[in-house]
Amino acid sequence: MAAKRYLSVGMAVWLSDWVFIDFVMYPPCRCRQVFLWSLHPGGMFDISPTFQPQKCIKSTWDFCNRACFSEPSAYFGIEPITSHFVMLLARAPTPLFLGCDMRKGLQRLSFSFEAESLTHFGGLFLIQRFCNRLCLRRRLERILKDAPNWTEYHPADLVLVFLYVLIAGLPRVNKTEILQYNGLFLSLVGLKKFPDQTALRRFLHRLSPKAIRQIVRLHDQIRSQLFSLPDARSSLVFHLDSVVLTLYGKQQGARVGYNPKKKGRPSYHPLLCFEAHGQEFWHGSLRPGDAASNTGARALVKRCLEKVPSQVARSRIRLLADSGFFSGKLVGDLDQAGCGYIIVCRKPKVYLPKAHKAGFKELSFGWGVAEFRFKPRGWQEEHRFVMVRRPLPEDPEEAQQLTLLKVGRYAYSALVTNLDLQAWMVWKTYQARANVEKSIRELLNYFSLNKIPTRQWVANVAFLQLLLFAYNLVHWFKRLSLPGDYRRATVETIRDEFLVLPGKLSNHAGLNVLQLPKDYRHRKIFLEAARKIENLRFPEPEQGEKFGFVSNRK
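Keep in mind the model is a prediction, meaning the values are calculated, not measured.

Parameters and conventions
- Residues numbered from 1 in each chain as written.
- Predicted model: local features only at pLDDT ≥ 70, side-chain atom pairs only at ≥ 80, totals over all residues.
- Heavy atoms only, no water.
- Helix = DSSP H or I, 4+ residues; strand = E, 2+ residues; numbered from the N terminus.
- Buried < 20%, exposed > 50% of the residue type's maximum accessible area, 1.4 Å probe, protein only.
- Contact = heavy atoms within 4.5 Å.
- Areas by Shrake-Rupley, 256 points an atom, 1.4 Å probe, with all protein chains shown as cover.
- Axes fitted to C-alpha atoms, helices over the stretch in contact; angles between N-to-C directions.
- Parallel < 35°, antiparallel > 145°, perpendicular 65-115°, else oblique.
- Left-handed = near helix turned anticlockwise from the far one by under 90°.
- Pairing = 2+ DSSP bridges.
- Salt bridge = Lys/Arg side-chain N within 4 Å of Asp/Glu carboxyl O.
- Core = buried A, V, L, I, M, F, W, Y, C linked by side-chain atoms within 4.5 Å.
- Phe/Tyr/Trp six-rings, centres within 6.5 Å; stacked < 30°, edge-to-face > 60°.

Student: Report on the overall build of the protein chain, specifying residues and quantitative values.
Tutor: A count of helices and strands for the protein chain gives 16 helices and 22 strands. The proportion of buried residues among the 554 residues of the protein chain is 48%. Intrachain contacts of the protein chain at a sequence separation of at least 6 include 63% that bridge at least 24 residues. Surface exposure of the protein chain reaches about 30,200 Å², of which carbon and sulfur atoms provide 52%.

Structural data, given as structure tokens:
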């Protein structure tokens, strides 16, 4: 067939009994031809000039792209259809003509490794400006000693490097090499050369317990300053929890204890407290893996209460905790302090007869609640207990996942409280504690809490405190600089939408210009956040809290 030699540069579409082929005939004539060939049972083709070429439209080309290579091969008579063809097996109601030149990408490309001040963390500029408004570098310089002559970096610079690295989301210390050729990041930190992973680990090892306590104290002071911004608060809700950090090396303090996911593996078992309204970390401590959940809980609660601003009354403080913190001594401390609490009871089976004797009050969907007063062994006085009864899910697998007490068709949980709320409201109030699970997931997944960097205990304590400081910086930035819609946004959302941006730092007419993507969809919010940061004014610390304070007022 005359046209046979041109089929390798054409396209074919099988529609019912017809095959439409559109191709460009190369020398001797560069013209486009469209043929309608009828497929006979014998496998021969009959060329017909009935149909004339038509202009290709974008929808036709997109349809062609979707259809391309839907079948690897087929046969037109005795000639195979190669990968140059497009075959559509679905019938079409009207004839379809495919006729446009294939789009091409870059054909030739050269490489150059001369560019400077490039980054994919362009939005980290906002965090840097926020830290500048806090006078964070100058405060760190005041509380940390100057570096010895044989070190290249000031301790304040290395603290800022750790904070920025953790906020940027780099998973491990040895993954910071990517920042060594990130020109914008060096400009933000104010360094000529980025410290390698060995220098960062040595810095953690050299931080003394006194220096760590000073960093924690500065963290507390900044949180106290920002507590009443943007709106004053008169109440606090503390969520207590512990988390198991599985270890795979020979870290100091790594011991075998409660580890539901990796049984028998050594671990750390830190204790953490978060404040519900601001989603911010309040206090925490690193503990060996064999520490029980309530070990150190009383000291933790006492320290949390000491950090409460003076304008918040003790009666306006609530504490929510799971069964790991169920302790008569802790409950007694909270009663003496005048704070409210809801704590899940251990061994709810002990309290089930008391609940049945008191009688369950039926609620909707088959739920029930009962309340009674009881004095457990070793406690000083009677306390109010609430027991919740819920129907077991019909799905056996879902019912098996419940860790509550299961008796018959119901699951039970018991709580002790001193709040003057209806029984069902006590349970509903406790459900808000799910926020602490979200905060811990953020620390594990987005702040590398489970990536312990060293083998020394003191260095790992320093890493934990810097990590929690970085976590709070992100939440303070979110609360004070971004629109209200982002108050409950996760750290991952903040990174994806504002921090991880391709950028280039350039200089035009003596001005530093950060070039960001042209079609950046959050441009307006980004610029508004930068404006808010420049206009931030922070109140001075309370009397006696001038530790490391530097005024940002001009």
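Student: Can you break down the packing of helix H8 (residues 297–306) against helix H9 (residues 328–337) residue by residue, with the values?
Tutor: Contact geometry of H8 with H9 gives a least axis separation of 9 Å together with a crossing angle of 20°. Classified by the angle between their axes, H8 and H9 sit roughly parallel to one another. Considering how the two elements wind past one another, H8 and H9 form a crossing that is right-handed. Contacts between H8 and H9 involve Ala 297, Arg 298, Val 301 and Leu 305 from the first element and Lys 329, Leu 330, Asp 333, Leu 334 and Ala 337 from the second.

Student: Residue-level account of the sheet that holds strand S7 (residues 118–119), with values.
Tutor: Spatial strand order, S7-S21-S22: three strands in an open sheet with antiparallel pairing. In the strand order of this sheet, the two ends are held by S7 and strand S22 (511–515), each with one partner. Taken together, the five bridges between strand S21 (residues 503–508) and S22 define a ladder with antiparallel strand orientation. Counterpart to Asn 507 in the pairing with S22 is Asn 512.

Student: Please set out the packing of helix H4 (residues 155–168) against helix H14 (residues 457–481) residue by residue, giving values where relevant.
Tutor: Between H4 and H14, the least distance of the axes is 9 Å, while the angle of their chain directions is 60°. Looking at the two axes, H4 sits oblique to H14. Here the hand of the crossing between H4 and H14 comes out right-handed. On H14, the residues that touch Val 159, Phe 162, Leu 163, Leu 166 and Ile 167 of H4 are Phe 463, Leu 466, Leu 467, Phe 469, Ala 470, Leu 473 and Val 474.

Student: Pulling in residues and values, what's your account of the sheet that holds strand S10 (residues 255–256)?
Tutor: With antiparallel pairing, the three strands of this open sheet are ordered in space as S9-S11-S10. In the strand order of this sheet, the two ends are held by strand S9 (245–246) and S10, each with one partner. Pairing analysis gives two bridges linking S9 to strand S11 (residues 266–268), with the strands arranged antiparallel. Paired with Thr 246 across the strands is Ser 267, a residue of S11.

Student: Got a sec to walk through the environment of Phe 194? Specific residues and values, please.
Tutor: You can see Phe 194 is positioned in the loop between helix H5 (183–189) and helix H6 (197–206). Sequence spacing of Phe 194 and Ile 178 is 16 residues, and the spatial spacing of their C-alpha atoms is 9.8 Å. Those residues in contact with Phe 194 that sit more than four places away from it in its chain are Tyr 153, Val 161, Val 165, Thr 176, Leu 179, Gln 180, Phe 185 and Leu 186.

Student: Explain the pattern of salt bridges residue by residue, including any values.
Tutor: In total, this model carries 18 salt bridges according to the counting rule given. Between Glu 534 and Arg 129 there is a salt bridge, and its shortest N-O distance comes to 3.0 Å. Taken as a pair, Glu 534 in helix H16 (residues 523–534) and Arg 129 in helix H2 (residues 124–133) lie far apart in primary sequence, 405 residues in all. For Glu 534, a relative accessible area of 30% puts it in the partly exposed group. Its relative accessible area of 24% is what places Arg 129 among the partly exposed residues.

Student: Help me get a handle on the environment of Trp 427, residues and values and all.
Tutor: Checked against the element boundaries, Trp 427 lands in helix H12 (residues 423–431). Accessibility expressed as a relative area gives 12% for Trp 427, which makes it buried. Each C-alpha atom, one on Trp 427 and one on Ile 342, is 8.7 Å from the other, the two residues being 85 residues apart in sequence. Ignoring any residue separated from it by four or fewer positions in sequence, one finds Trp 427 in contact with Trp 367, Val 388, Arg 390, Ser 413 and Leu 415.

Student: Requested: an account of the environment of Leu 179, with residues and values cited.
Tutor: Mapped onto the fold, Leu 179 is located in the loop between H4 and H5. Aside from chain neighbours lying at most four places away, what touches Leu 179 is Phe 121, Val 165, Leu 170, Phe 185, Leu 186 and Phe 194.

Student: Explain unusual backbone geometry to me, using residue names and the numbers behind them.
Tutor: Note that the residue after Leu 229, namely Pro 230, is joined by a cis bond; omega there is -5°. Residue placement: Pro 230 occurs in the loop between helix H7 (209–226) and strand S8 (236–242). Positive phi values are uncommon outside glycine, yet Phe 365 reaches one of about 60°. As for its placement among the helices and strands, Phe 365 is situated in the loop between strand S16 (361–362) and strand S17 (368–374). Taking the relative accessible area as the measure of exposure, Phe 365 reaches 74% and is therefore exposed. With a phi angle near 60°, Ser 448 is a residue other than glycine that sits in the positive phi range. Of note, Ser 448 is situated in the loop between helix H13 (434–446) and H14.

Student: Tell me about the nonpolar core, and name the residues and values.
Tutor: Proteins that are soluble and globular tend to have nonpolar side chains buried together. In this structure, Phe 130, Leu 136, Leu 140, Leu 443, Phe 447 and Leu 473 are the most contacted members of the largest nonpolar core, which totals 89 residues. Looking at which element gives the most residues to this core, the answer is H14, with 16 residues. Ignoring sequence-local partners within four residues, the contact set of Leu 473 consists of Phe 130, Cys 131, Leu 134, Leu 136, Leu 163 and Ile 167. Counting residues in hydrophobic clusters, the runner-up holds 41 residues, among them Ala 297, Val 301, Ile 343 and Tyr 412.

Student: Any details on the packing of aromatic side chains? Residues and values, ideally.
Tutor: Considering all chains together, one arrives at 20 aromatic pairs under this definition. For the ring pair Phe 360 and Tyr 412, a centre distance of 5.9 Å and an interplane angle of 55° mean the geometry is tilted. In this pair, Phe 360 is assigned in the loop between helix H10 (352–358) and S16 and Tyr 412 in strand S20 (residues 410–417), connecting sequence segments 52 residues apart. Under the relative-accessibility criterion, Phe 360 is labelled buried at 17%. Ring geometry for Tyr 486 against Phe 498: centres 5.2 Å apart, planes inclined by 75°, an arrangement best described as edge-to-face.

By themselves, these figures tell us nothing about what the structure is for.
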